[in-house]
Amino acid sequence: CTGVILDRRRVLTAAHCLVAAAAGYSVEMIGPDGAVVSVPVASHRRHPGFDRAALERDGNAHDVAVLTLKEALPGDALPARLAGPGGLSGEVFVVGMEGGFFASIANRIRVMRLAVAGGETGRMMLEPTAGGGGQPCHGDSGGPVFRKTAGGYALVAIISWGTRHCYCESAATLVSAYHPFIRS
């Protein structure tokens, strides 16, 4: 899975990515020099309404979780700016890994331009655009969905699911619906 830096000690990801005790997880970050930094996770919180069965039915599963790290990420780790309400139309940018589920952190990062195909409270559906660079893959869950705003790029959602072979539509969880949970 993938995640989004909230601050130097917390990372946002998809709740369905967490299947074990926090002791089994670490966060890997690629530094500006290309070196991989690995930081163990101290604890994690899934949204209390998370529902794996709803996720498998393509429903709103409250697929959001926050990881708290045992130590701070390096000073060059940039936190994402959380977007406010809205965002169920237009164009967004998703950051994922080449190779999706089969990728390692050392593989190339890719940026995809996608169209918002609608959504509902707490969730948005994404579809490919011509020349947009593909779709989120099976391993991109928890990764960022950004929208360009007047103040720069803002995090509007995180990926909940994409297909194993990176085609068709994908779904993302809107962060604005979960600001209180994320910030607590």
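Everything numeric in this text was worked out from a predicted model, so none of it was measured.

*Asks:* Is there a simple way to explain the sheet that holds strand S9 (residues 144–149) in this structure?
*Replies:* Pairing between sheet strands relies on hydrogen bonds along the backbone, with the strands arranged either parallel or antiparallel. Pairing is antiparallel around the closed barrel formed by 6 strands, whose spatial order is S6-S7-S8-S11-S10-S9. Direction aside, the axes of adjacent strands within the sheet are offset by 45° on average. Pairing of strand S10 (residues 152–161) with strand S11 (residues 170–174), which is carried by 4 bridges, proceeds in the antiparallel orientation. Along S11, the bridge assignment pairs Ile159 with Ala172.

*Asks:* Please clarify how the pattern of salt bridges should be interpreted in this entry.
*Replies:* Once their charged atoms are close, side chains differing in charge can pair, the charge on each being opposite to the other. In this structure the tally under the stated criterion is 2 salt bridges. Residue Asp7 pairs with Arg10 through a salt bridge whose shortest N-O separation is 2.9 Å. The partner of Arg113 in a salt bridge is Glu91, and the shortest N-O contact between them spans 3.0 Å. Taken as a pair, Arg113 in strand S7 (residues 109–120) and Glu91 in strand S6 (residues 91–97) lie far apart in primary sequence, 22 residues in all. For Arg113, a relative accessible area of 28% puts it in the partly exposed group.

*Asks:* I'm lost on the side chain of Ser141 in this one. Help?
*Replies:* Of note, Ser141 is situated in the loop between strand S8 (123–128) and S9. Beyond its immediate sequence surroundings of up to four residues, Ser141 is in contact with Cys1, Thr2, Thr13, Ala14, His16, Cys17, Ile159, Ser160 and Trp161.

*Asks:* Explain the sheet that holds strand S4 (residues 36–46) to me, please; I cannot follow it from the model alone.
*Replies:* With respect to topology, 5 strands assemble into an open sheet ordered S1-S2-S5-S4-S3, the strand pairing being antiparallel. This sheet does not close on itself; its edge strands, each paired only once, are strand S1 (4–7) and strand S3 (26–30). Across the sheet, the mean angle from the axis of one strand to that of its neighbour is 40°, orientation sign disregarded. As judged from the 5 bridges shared by S4 and strand S5 (residues 65–69), these two strands associate in the antiparallel manner. Each bridged residue has a counterpart across the sheet, and for Arg46 the counterpart in S5 is Ala65.

*Asks:* Is there a simple way to think about the state of the cysteines in this case?
*Replies:* A disulfide bridge is the covalent bond that connects two cysteines by way of their sulfur atoms. Under the counting rule described, the total for this entry stands at 1 disulfide. Through a disulfide, Cys1 is tied to Cys17; the S-S separation comes to 2.0 Å. The disulfide joining Cys1 to Cys17 has a torsion of about -90° about its S-S bond and is therefore left-handed. With Cys1 in the segment before S1 and Cys17 in the loop between strand S2 (10–13) and S3, this residue pair connects regions lying 16 residues apart in the sequence. With relative accessibility at 62%, the residue Cys1 sits in the exposed group.

Procedures and definitions
- Residues numbered from 1 in each chain as written.
- Predicted model: local features only at pLDDT ≥ 70, side-chain atom pairs only at ≥ 80, totals over all residues.
- Heavy atoms only, no water.
- Pairing = 2+ DSSP bridges.
- Helix = DSSP H or I, 4+ residues; strand = E, 2+ residues; numbered from the N terminus.
- Axes fitted to C-alpha atoms, helices over the stretch in contact; angles between N-to-C directions.
- Salt bridge = Lys/Arg side-chain N within 4 Å of Asp/Glu carboxyl O.
- Buried < 20%, exposed > 50% of the residue type's maximum accessible area, 1.4 Å probe, protein only.
- Contact = heavy atoms within 4.5 Å.
- Disulfide = S-S within 2.5 Å.

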